[in-house]
Amino acid sequence: AKGNEYKLSTIPPFNAAMKVDQVTRVKQVFSPSFFPGNIGSQTRTPIFIIGFVRSGSTLLERILDAHPSIVGTGEDSVFNGRLDTIRNEIVDASMVGDPRVLNRKVEELANDVVSDMKSRWEVIDENMHHEDDEEESQERPYPLRFADKMLTNYINVGFLHLLFPNALILHVAREPMDSIFSAFKHDFPPGGLDYTSEFAGLAQLYHCYRDTMEHWDKVLPGRVTHVRYEDMVTDFENVAPKIIEAAGVPWDPTVLDFHKKKHAVNTLSTTQVRKGVYSHHFKGWKRYEKFLEPLLDLVGNRVEYDLKTTLPGYLKTDGEPVKRDAAPSPLSKPRLKPTENV
């Protein structure tokens, strides 16, 4: 707690109004009538992973990256890195008043993102494999899909859809308090996640995330594919093939051993993921419920997230978690009843 207090004393107070205003502007701009038809690149090359922090995105990315035709491009999102350029050039093209100019510009911007993804992967791949791996390198196929993980791109789904109307957007969601508490107790590098170290800022960030995801489901119904983290863990051998199927590539059984594959990019979750899937951490926050009561009050009725995995063809099965190089235990504690929202 004292560490969090010191960290927060070194940065400006959390600006909740600015964050709420950002979400409000997104809702106003990206209305159902905003999206023109027949615009954007038709490629399915990119796969975008979005969600709230500490929601299980590393597990999802590693499942994808375990497939020989899919690669992750790291924590530094290519799309997000080009977002200012994308936004400004779309505005400029729109001002011309000719739909053909806008169409050409959007497709050009999309092609630039894909080109950068490929270049990023080529650098990562070259750094991962030494010269004595030349024969192995020749055997590896060039990837068909590139997974771009930037959780905060949930705010940018409108731009993702505009540029890539056919690309897979995967939203990974976790039991709210497990995700929120995990965010609170982790010391992230300085940056946008500083305010997860305080209850008020963390709760506000979570509400803005939920507000935004509800907006996309309303204005772009079915566009975002939801994946519950708990389903990935407890029903792994059924969920994994559906993730790969949604990516549009043939199933490869080596995906089931994703945790054995060397991966170029490390996150706070990487060590956990190397152990395989496990569920003993479900409801881990309950051990600290008394301490977390002020946070529970701030999260309010959003301590529950009634969101189902929407992978095409996936039917949830009931049973024990899949045991793969781990010692999981089933989720047995009852869900917390919602409290009044604030």
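Presented here is a report on the structure given in the accompanying data block. Fair warning: this is a prediction, and the values are worked out from it, not measured in the lab. (Residues numbered from 1 in each chain as written. Predicted model: local features only at pLDDT ≥ 70, side-chain atom pairs only at ≥ 80, totals over all residues. Heavy atoms only, no water.)

What follows concerns the packing of aromatic side chains. For the structure shown, the criterion picks out 20 aromatic pairs. Each ring, one from F30 and one from F35, has its centre 5.9 Å from the other, and the planes form 25°; the classification is stacked. With respect to class, F30 is no different from F35; both count as buried. Put simply, the rings of F30, F34, F35, F159 and W216 pair up and form one aromatic cluster. A cation over an aromatic ring shows up here: R210 above the ring of Y305, its NZ or CZ 3.7 Å from the ring centre. (Phe/Tyr/Trp six-rings, centres within 6.5 Å; stacked < 30°, edge-to-face > 60°. Buried < 20%, exposed > 50% of the residue type's maximum accessible area, 1.4 Å probe, protein only. Lys NZ or Arg CZ within 6 Å of the ring centre and 35° of its normal.)

Running from N to C, helix α5 (residues 83-96) and helix α6 (residues 99-128) cross one another at 165°; their axes reach a closest spacing of 8 Å. As judged from the angle between their axes, α5 and α6 are roughly antiparallel. For the pair α5 and α6, the crossing hand works out as right-handed. Where α5 abuts α6, its residues T85, I86, E89, I90, A93, S94 and V96 lie against V101, L102, K105, V106, L109 and V113. When its residues are assigned to classes, the contact of α5 with α6 shows nine nonpolar, two polar and two charged. (Axes fitted to C-alpha atoms, helices over the stretch in contact; angles between N-to-C directions. Helix = DSSP H or I, 4+ residues; strand = E, 2+ residues; numbered from the N terminus. Parallel < 35°, antiparallel > 145°, perpendicular 65-115°, else oblique. Left-handed = near helix turned anticlockwise from the far one by under 90°. Contact = heavy atoms within 4.5 Å. Nonpolar A, V, L, I, M, F, W, Y, C, P; charged D, E, K, R; others polar.)

What follows is about the nonpolar core. Within the largest apolar cluster, 62 residues are counted, with the highest numbers of intra-cluster contacts made by F79, I90, L163, F164, M177, W216 and L295. Broken down by element, this core gets its largest block of residues, 10 residues, from helix α10 (residues 199-219). The residues contacting L163, other than those within four sequence positions of it, are G40, S41, F79, I86, I90, V106, L109, A110 and V113. Formed by 30 residues, the second largest nonpolar core is a distinct cluster that contains I47, I49, A147 and L168. (Core = buried A, V, L, I, M, F, W, Y, C linked by side-chain atoms within 4.5 Å.)

Quick look at unusual backbone geometry now. Positive phi values are uncommon outside glycine, yet N38 reaches one of about 55°. With respect to the helices and strands, the residue N38 is situated in the loop between α2 (16-29) and β1 (46-51). A residue is classified by how much of its surface remains accessible, and N38, at 79% relative accessible area, is exposed.

So, on to the pairing of strand β3 (residues 145-149). For β3, the buried fraction is high: five of the five residues fall into the buried class. Burial along β3 is two-sided: the residues R145, A147 and K149 and F146 and D148 are all buried. Looking at chain direction, β1 and β3 are connected through four bridges and run parallel. When the bridges of β3 are listed, P46 appears paired with F146. Inspection of the sheet shows strand β2 (residues 70-72) paired to β3 by three bridges, in the parallel sense. Across the sheet, the residue bridging to V71 is F146, located in β3. (Pairing = 2+ DSSP bridges.)

By secondary structure assignment, the location of S55 is in the loop between β1 and α3 (57-65). With near-sequence residues (within four places) excluded, S55 lies in contact with L151, V172, A173, R174, S179 and Y229.

Let us now look at the sheet that holds β3. Across the sheet, five strands lie side by side as β2-β3-β1-β4-β5; this open sheet has parallel pairing. Of all the strands in the sheet, the pair left with one neighbour each is β2 and β5 (225-228). Sheet twist, expressed as the mean angle between neighbouring strand axes with direction ignored, is 25°. Contacting β1, β2 and β3, α6 runs over the sheet at an angle of about 90° to β3.

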